[in-house]
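Commentary on secondary and tertiary structure
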Amino acid sequence: MPMKKLCSLLLCAILPCVAAHAADIRDTACRTTAECQAEADRLRGISAKDATSARAKAHDQFYWLGRINMATTVMAVEEGVVRRELARPIAEGVAHSIAQAEQPGGKRPTDVLQIEKIISDKAGPEATLIHAGRSRQDMLATVRAMRLRDEVLDTAGALLTVREGLLETASRHVETFIPAYTNGVQAQPITYAHYLLAFADSFARDSQRIRDFYPRLNLSPMGTAVLANSAWPLNRNRLAELLGFDRLVTNSYDAGQIITYDVPIEAAGIAGSMAIRVGAMMADVHTQYHQTRPWLLLGTGSTYTSSAMPQKQNPGVVMSARSKASDVIAAAQWVTLRAHNVAPGMVDYKNAWESPRTFVLTVEMLNQFASVLKALQVDPKRALEELDADWTTSSDLADTLQRVNQLPFRVGHHFASDVVTHAKANNLNSVEFPYAQAVQFYTAALAKFGIAPSAFPLDEKAFRATLSAENMVRTRVGIGGPQPAEVRRTLGLARDTLAADKAWLDERNVKLVEAQAKLNQAFRKLTSD
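Just so we're clear, the structure is a prediction, and the values are computed from it rather than from any experiment.

Counting secondary structure elements, the chain contains 19 helices and 8 strands. For 529 residues, the compact-globule estimate of 2.2 N^0.38 gives 24 Å, and the chain exceeds it by more than 25% at 31 Å. Taken along the three principal axes of its C-alpha coordinates, the chain extends 105 × 65 × 40 Å. Scored against the burial criterion, the 529 residues of the chain give a buried share of 48%. Put simply, 78% of the contacts in the chain that link residues at least 6 apart link residues at least 24 apart. About 25,200 Å² of surface is accessible on the chain, with carbon and sulfur atoms providing 55% of the total. Of the side chains in the chain, 59 bear a positive and 55 a negative charge, and the two mean positions are spaced by 2 Å.

What follows covers helix α11 (residues 316-339). Along its 24 residues, α11 runs 35 Å from first to last C-alpha, staying within 8% of the 34 Å computed at 1.5 Å per residue. When α11 is considered as a whole, its buried residues turn out to be G316, V317, V318, S320, A321, K324, A325, V328, A331, A332, V335 and A339. After α11 finishes, the residue N341 shows a positive phi value of roughly 60°.

As a further point, take the packing of aromatic side chains. Under the counting rule described, the total for this entry stands at 14 aromatic pairs. With 5.6 Å between their ring centres and 10° between their planes, Y192 and Y195 make a pair best called stacked. In this pair, Y192 and Y195 both sit in helix α8 (residues 192-217), 3 residues apart, roughly one turn of the helix. The positively charged end of R149 is found above the aromatic ring belonging to F245, 4.8 Å away from the centroid.

Right, let's get into the pattern of salt bridges. This model, assessed by the stated rule, comprises 33 salt bridges. Taking the shortest distance from any N to any O, the salt bridge between R488 and E175 comes out at 3.0 Å. Here R488, found in helix α19 (residues 484-528), pairs with E175, found in the loop between α7 (136-171) and β1 (177-182); they are 313 residues apart in sequence, far enough to count as distant. Given the relative accessible area of 37%, E175 is considered partly exposed. With a closest N to O distance of 2.8 Å, D501 and R211 form a salt bridge.

The next point concerns unusual backbone geometry. The phi torsion of most residues other than glycine is negative, and most of the peptide bonds are trans. Even without glycine at this site, A225 takes up a positive phi of about 60°. Assignment of secondary structure puts A225 in the loop between β3 (219-220) and α9 (236-242). By relative accessible area, which is 7% here, A225 ends up buried. Even without being glycine, Q406 reaches a positive phi, approximately 55°. Mapped onto the secondary structure, Q406 falls in the loop between α14 (394-405) and α15 (409-425). According to the relative accessible area criterion, Q406 is exposed, its value standing at 65%.

Another point: the pairing of strand β2 (residues 185-191). Two elements, β1 and β2, share 6 bridges in a ladder whose sense is antiparallel. Bridge pairing in β2 links F177 to T191. Count of turn residues in the β1/β2 antiparallel hairpin: 2 residues, of which N183 carries a positive phi of about 55°.

Our focus in this paragraph is the environment of D459. Within the secondary structure, D459 is located in the loop between α16 (435-448) and α17 (460-466). For D459, a relative accessible area of 48% gives the class partly exposed. A C-alpha to C-alpha distance of 38 Å links D459 and D284, two positions 175 residues apart in sequence. Of the polar contacts made by the side chain of D459, one reaches the backbone nitrogen of A462; its length is 2.7 Å.

Another aspect to go through is the packing of α7 against α19. Direction vectors running N to C along α7 and α19 enclose 155°, while the axes themselves pass 10 Å from each other. Judged by the angle between their axes, α7 and α19 are roughly antiparallel. Considering how the two elements wind past one another, α7 and α19 form a crossing that is left-handed. Residues R149, L153, A156, G157, L160, R163, E164, L167, A170 and S171 of α7 pack against L491, A494, R495, T497, L498, D501, K502, W504, L505, R508, N509 and L512 of α19. Looking at the contact of α7 with α19 residue by residue, the class counts come to 11 nonpolar, 4 polar and 7 charged.

Attention shifts here to the nonpolar core. Counting 76 residues, the largest nonpolar core has L166, Y192, M281 and F369 as its most contacted members. Secondary-structure elements contributing two or more residues to this core are α7, α8, α10 (252-288), β5 (296-298), α11, α12 (358-375), β8 (376-378) and α19. Each residue touching M281, except ones within four places of it in the same chain, is listed here: L166, Y192, Y195, L196, F199, F369 and L373. Core analysis: the next-biggest nonpolar cluster, separate from the first, contains 43 residues, V82, I90, V112 and V143 among them.

What follows covers the packing of α8 against α10. Look at α8 against α10: their axes get within 11 Å of each other, and the N-to-C directions meet at 170°. The angle between the axes of α8 and α10 places the two elements in the roughly antiparallel class. For the pair formed by α8 and α10, the contact residues are Y192, Y195, L196, F199, S202, F203, D206, R209, I210, F213, R216 and L217 on the first element and I259, V263, E266, A267, I270, S273, M274, R277, V278, M281 and D284 on the second. Broken down by class, the residue content of the contact of α8 with α10 amounts to 15 nonpolar, 2 polar and 6 charged.

The rules behind these values
- Residues numbered from 1 in each chain as written.
- Predicted model: local features only at pLDDT ≥ 70, side-chain atom pairs only at ≥ 80, totals over all residues.
- Heavy atoms only, no water.
- Helix = DSSP H or I, 4+ residues; strand = E, 2+ residues; numbered from the N terminus.
- Rg over C-alpha atoms; globule rule 2.2 N^0.38 Å.
- Buried < 20%, exposed > 50% of the residue type's maximum accessible area, 1.4 Å probe, protein only.
- Contact = heavy atoms within 4.5 Å.
- Areas by Shrake-Rupley, 256 points an atom, 1.4 Å probe, with all protein chains shown as cover.
- Lys, Arg positive; Asp, Glu negative; His and termini not counted.
- Charge placed at Lys NZ, Arg CZ, Asp CG, Glu CD.
- Expected span 1.5 Å × (residues − 1).
- Phe/Tyr/Trp six-rings, centres within 6.5 Å; stacked < 30°, edge-to-face > 60°.
- Lys NZ or Arg CZ within 6 Å of the ring centre and 35° of its normal.
- Salt bridge = Lys/Arg side-chain N within 4 Å of Asp/Glu carboxyl O.
- Pairing = 2+ DSSP bridges.
- Polar contact = N/O pair within 3.5 Å; in protein donor to acceptor, adjacent residues only side chain to side chain.
- Axes fitted to C-alpha atoms, helices over the stretch in contact; angles between N-to-C directions.
- Parallel < 35°, antiparallel > 145°, perpendicular 65-115°, else oblique.
- Left-handed = near helix turned anticlockwise from the far one by under 90°.
- Nonpolar A, V, L, I, M, F, W, Y, C, P; charged D, E, K, R; others polar.
- Core = buried A, V, L, I, M, F, W, Y, C linked by side-chain atoms within 4.5 Å.

These values are about where atoms sit, not about what they do.
Okay, here's the thing in structure tokens:
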């Protein structure tokens, strides 16, 4: 028998064996340094990108300055700022500045004047007429707004994927009974679906925050010049339309100097809030790995082996997602700290989210979170064992006695407390607890509170049922409770909300594509006239 297989069999004889197996990094078939690193990163759940999406990567500063030059040219000709006979050569110069970047040896400068030089070298000094009423101030404020818009929409998309994963996992565990914890101690039974829906509803609020925030984000600063507008009759609404904005930042001083404080900070705050809860759920999952017999594990290939301890399955994807959540929180705070005690007009705060990669990290975090959700494996039988091993249903004893016999709650609570204290002192679980002993504690509780003696209102079958975790969950009746029927109802509501948020995001992206097409069409008309 191969030594590796023999070792595995021996370990299973000594240790609890589970269905999930750790991947052995040594087994990789990688052929290059890059492939080996990618395989190791996959097993550890490590993700590192340079943009929130391919779209955001393509939409760099050079790209957006090119779009601004296109929109400005269209508007300037329409408003008579540039004479009609100059439209074609100037438009050709702008088109050249964009097209040359795709050629071998092409340039993608990020400075307004460097790009202007490429245009005027092609079209002559008349091309600089499109700079009438413009400044780096409003142009770069517009670039930042559009780059932040891309990154926030990408974040919204990654968040929808997480929510979808939560609901899909919840749909498989509507009747999976698990312990829930308060103060780090097992408290009461719920279902795993109920637990997941709590997080799903929480992240749905983040989607709502993004929807509420977007109208404040998608405002155009373009056409405000330095900060006081200009003497040129620029059509700011037309510029906003061609660049995909919904409305204007009305005040010209606000447009370049003030909105760049609060809008990035608000966006970063949403990211930081999400990260807090991603970290919280990852901590919950990771806690299971402290147990010798967890009821929640990661699937095969989602953990990696220890280099020294054969029994270990390290939950790399969980640790990496939690670490990335901490990175997001730090990056979100960076945005605030860069703006603190800085006078308006300074550059410190205007693109403070870009240096720490706030939204790149946020999308990575959400993608890693989604990977964890796909890998989760729940053992319902083991979860029920965990519930039965403790007294998480003891509070239901007091509730049941109040409902059945109108026994004052505090009397029932005292009775239940005596039961639990005796059980723990004698290492008894709820299945083993002697019914006769419960009757004695009930009689003692009545006497303590000066209530006339009466028979224990629960027969042994009812007593056992009251202590059943499954029974406790199934007998809940409140709105939003863990009972399966209510969980199915709220799951349906969550799916409806998710669908609405997906539709909203699709509409925003379609509007941007339509604005792009509108600008392309108007600009092409200048070169064909």
